[in-house]
Amino acid sequence: MDGKVIRNMIVNDNSSSGSANAANWSIQQNLQTGDYVAGDRMTGSKPYKFVSIPDEVKGLEWIRTAVGSRSATSEELLSFYLTADADVYVAHDSRISPRPAWLASSYEDTGLYIEDNQPVQYTLFKKHFLAGAHVVMGPNNNASKMNYFVIVKPAQPEAVPPAASPASLVGRLTDGPAVSLSWGPVSGAGGYLIYRSSSMDPYFKVIGSTADAKYTDTGATLGVVYRYKVTALNAGGESPPSQAAEVLAFDASKPVPPVPAGLKVTAANSISVALAWTPVADAVGYGIYRAAAPEGDYQRIGSASTAAYTDKTVSPSTNYYYKVTTMAAGGESAASGGVSTATKPPVTIPAAPAGLSAGQVSTSSFAMVWNPADHAERYWIYRKGSGDNGFTRIGSSDTPSYVDRSISADRTGYSYKVTAENEMGESAPSNELAMAMPLPAAPTDLFVGLKGETFVGLIWTSHGGAVQYNVYRGPQASRPITWDMPRWIRITTARPNRGWSIPTTSRRRTPAANRSRRIA
């Protein structure tokens, strides 16, 4: 994940919910009061928001973390690279003592605080880093308080980044396996960032930095094709990237892998073509080649780590021809037999679905329907519960209908919006549909199941949708009260379905104004 100054942010949350927690981390811009504090506290009756931010850090790039990551113990919970000289601030819950060692040992206490609406006060700690630095942060040191968050402030925003890109980038495979890179020095550069993509991962990400015009990537794997780019750094920022250099990590002493078989087109839309083939044993990856004619010049357009690939660089109403190769430690195989396809005519993004209306409603599910949207391939359903601040995507449907079975009877109702989507994108949302939570059905079959000198046990049949039961008691006309207690009382219990209700567990006098609410 990249920002303006932050490059390749990595979250290594080793707690039991680490993957879910990591998904809630993000890089944000323009830190302001009113922003959400944590990625997993943005919904509910009281989401966490900033109410006080010092001017020294207001408006800066920052990392929104997850409260759930407070229980992680990894010494490299968070890491990232910097494209410019910067002061890195850590906002740490002031209630936590002692501070984690990584924070207390090298960050200075600024005496500044940020406050949220819980209210929680965060102490701001600061450390200065040079451009290209690899910043690593450890655990929170407390699993029950708030997790820290991070703010990055460029130290010399007026400085001009290098204008020239590194030139003459070359790479070669060395023992290890490793990839040795070199390039021409850039005048005035204080360091360089190295970006890498591969046949296993098509996105360029920073993998390292160096002060010299050379770098060795020791993380290479045989059977993978690597592509590298390099940028030059100074205190003010980053240059444009160099031209890419490609390195094939193959061992000529090992056997060349078999040619893939069974290549076929599984789907052809207007701007995408999906391919699949039979997996090859011991393959590290596959190369995908495309031409404009059956005997044309096939160019490699991508790579895949599994026996499937979707080409998203095609145009509507056009013929395409494909072949694939196998890549393994011994090199790249010959090309497979070819397949061809014609993409469909162009389509437009669907219009917003119309006619959203309620179907069958119960305390356990809300059904809804809408009019089909032209060119829609699927629909997305968004929901906002009573007390929530915004809509959240909860599901999808291939037909213009949906049943939400994840509702909760403790909400007074929900609002819904629906969008339509095809390969061109997602439509605007439909009009909002508000649906109120219906009252639960009255319990039936009430009878006394067990009684003693100091209690009476009641059993009844519930028909669903209740979050609590209110039990009323009063004197019988033919039997006078013989013990000292309120004339009418209500006992609250949360036991669903059929179960005991013991009056002595919860007892309160009903106000006089409510004493007429007698249950016969």
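Right above here is the structure, for reference.
Here is what the cut-offs are and how they apply
- Residues numbered from 1 in each chain as written.
- Predicted model: local features only at pLDDT ≥ 70, side-chain atom pairs only at ≥ 80, totals over all residues.
- Heavy atoms only, no water.
- Helix = DSSP H or I, 4+ residues; strand = E, 2+ residues; numbered from the N terminus.
- Buried < 20%, exposed > 50% of the residue type's maximum accessible area, 1.4 Å probe, protein only.
- Contact = heavy atoms within 4.5 Å.
- Areas by Shrake-Rupley, 256 points an atom, 1.4 Å probe, with all protein chains shown as cover.
- Pairing = 2+ DSSP bridges.
- Axes fitted to C-alpha atoms, helices over the stretch in contact; angles between N-to-C directions.
- Core = buried A, V, L, I, M, F, W, Y, C linked by side-chain atoms within 4.5 Å.
- Salt bridge = Lys/Arg side-chain N within 4 Å of Asp/Glu carboxyl O.
- Polar contact = N/O pair within 3.5 Å; in protein donor to acceptor, adjacent residues only side chain to side chain.
- Phe/Tyr/Trp six-rings, centres within 6.5 Å; stacked < 30°, edge-to-face > 60°.

(A) Spatial organisation of the overall build of the protein chain. Secondary structure summary: the protein chain contains 2 helices and 38 strands in total. Here the C-alpha coordinates of the protein chain stretch approximately 100 × 60 × 45 Å along the principal axes. Taking all 520 residues of the protein chain together, the buried fraction comes to 42%. Within the protein chain, residue pairs in contact and separated by at least 24 positions form 65% of the contacts whose partners lie at least 6 positions apart. Accessible area of the protein chain: about 26,000 Å², with a carbon and sulfur share of 49%.

(B) Molecular detail of the sheet that holds strand 28 (residues 366–369). The strand order across the open sheet formed by 3 strands is 27-28-31, and the pairing between neighbours is antiparallel. Edge strands, defined here as strands with exactly one partner in the open sheet, are strand 27 (357–361) and strand 31 (401–404). With strand direction ignored, the average angle separating the axes of adjacent strands in the sheet is 25°. Pairing of strand 28 with strand 31 involves 4 bridges; the strand directions are antiparallel. By the bridge assignment, Phe366 is partnered in strand 31 with Asp404.

(C) Here's a closer look at unusual backbone geometry. A cis amide bond links Gln118 with the next residue in sequence, Pro119, at an omega value of 5°. Residue Pro177 is reached from Gly176 by a cis peptide bond, and omega for that bond is -5°. Its place among the elements puts Pro177 in the loop between strand 11 (167–174) and strand 12 (178–184). Its identity is not glycine, yet Asn8 carries a phi of approximately 50°, on the positive side. Among the secondary structure elements, Asn8 is positioned in strand 1 (residues 6–11). Residue Asn8 is classed as buried on the basis of its relative accessible area of 12%.

(D) Expanded view of the sheet that holds strand 15 (residues 214–217). Pairing is antiparallel in the open sheet, where 3 strands are placed in the order 11-12-15. Lying at the two open borders of the sheet, with one neighbouring strand each, are strand 11 and strand 15. Sheet twist, expressed as the average angle between the axes of neighbouring strands with direction ignored, equals 15°. Sheet analysis places strand 12 next to strand 15, joined by 4 bridges and oriented antiparallel. Each bridged residue has a counterpart across the sheet, and for Ser180 the counterpart in strand 15 is Thr216.

(E) Quick peek at the nonpolar core. Membership of the largest hydrophobic core comes to 26 residues, with the highest contact counts inside it found for Leu78, Phe80, Leu82, Val88, Tyr107 and Met137. Residues within four places of Leu82 in sequence aside, it is in contact with Val5, Val88, Phe129, Leu130, Ala131, Gly132, Ala133, Val135, Val152, Leu193 and Leu233. Ala38, Val57, Val120 and Met146 belong to the second largest nonpolar core, which has 19 residues in total.

(F) Region of interest: the pattern of salt bridges. If you walk through the whole model with that rule in mind, you get 14 salt bridges. Ionic pairing is found between Arg95 and Asp93, a salt bridge with its closest N-O pair at 2.6 Å. Among the residues examined, Asp93 registers a relative accessible area of 0% and is labelled buried. Between Arg290 and Asp311 there is a salt bridge, with its nearest N and O atoms 2.8 Å apart. On the criterion of sequence distance, the pair formed by Arg290 in strand 21 (residues 285–291) and Asp311 in strand 23 (residues 308–311) is long-range, its members being 21 residues apart.

(G) Summary view of the side chain of Ser365. For Ser365, the position within the fold is in the loop between strand 27 and strand 28. If we skip the residues at most four places from it in the chain, Ser365 touches Gln360, Val403, Asp404, Arg405 and Ile407.

(H) Geometry of the environment of Asp87. Counting through the fold element by element, Asp87 comes out in strand 6 (residues 86–93). On the basis of relative accessibility, which here comes to 17%, the residue Asp87 falls in the buried class. Taking the C-alpha atoms as reference points, Asp87 and His128, separated by 41 residues in sequence, lie 4.4 Å from one another. With residues up to four places along the chain from it excluded, the contact list for Asp87 reads Lys126, Lys127, His128, Ile151, Val152 and Lys153. At 2.9 Å, the side chain of Asp87 forms a polar contact with the side chain of His128.

(I) Representation of the environment of Asp201. Inspection of the secondary structure puts Asp201 in the loop between strand 13 (191–198) and strand 14 (205–210). We classify Asp201 as partly exposed; its relative accessible area is 26%. The spacing of Asp201 and Ala304 is 103 residues in sequence and 8.3 Å in space, taken between C-alpha atoms. A polar contact is formed between the side chain of Asp201 and the backbone nitrogen of Tyr203, at a distance of 3.2 Å.

(J) Summary view of the packing of aromatic side chains. In total, this model carries 14 aromatic pairs according to the counting rule given. Note on Tyr107 and Phe129: the rings are 6.5 Å apart at their centroids and 55° apart in plane angle, and the pair reads as tilted. Placement of the pair is Tyr107 in the loop between helix 2 (101–106) and strand 7 (108–116) and Phe129 in strand 8 (residues 121–129), with a sequence separation of 22 residues. For Tyr107, a relative accessible area of 7% puts it in the buried group.

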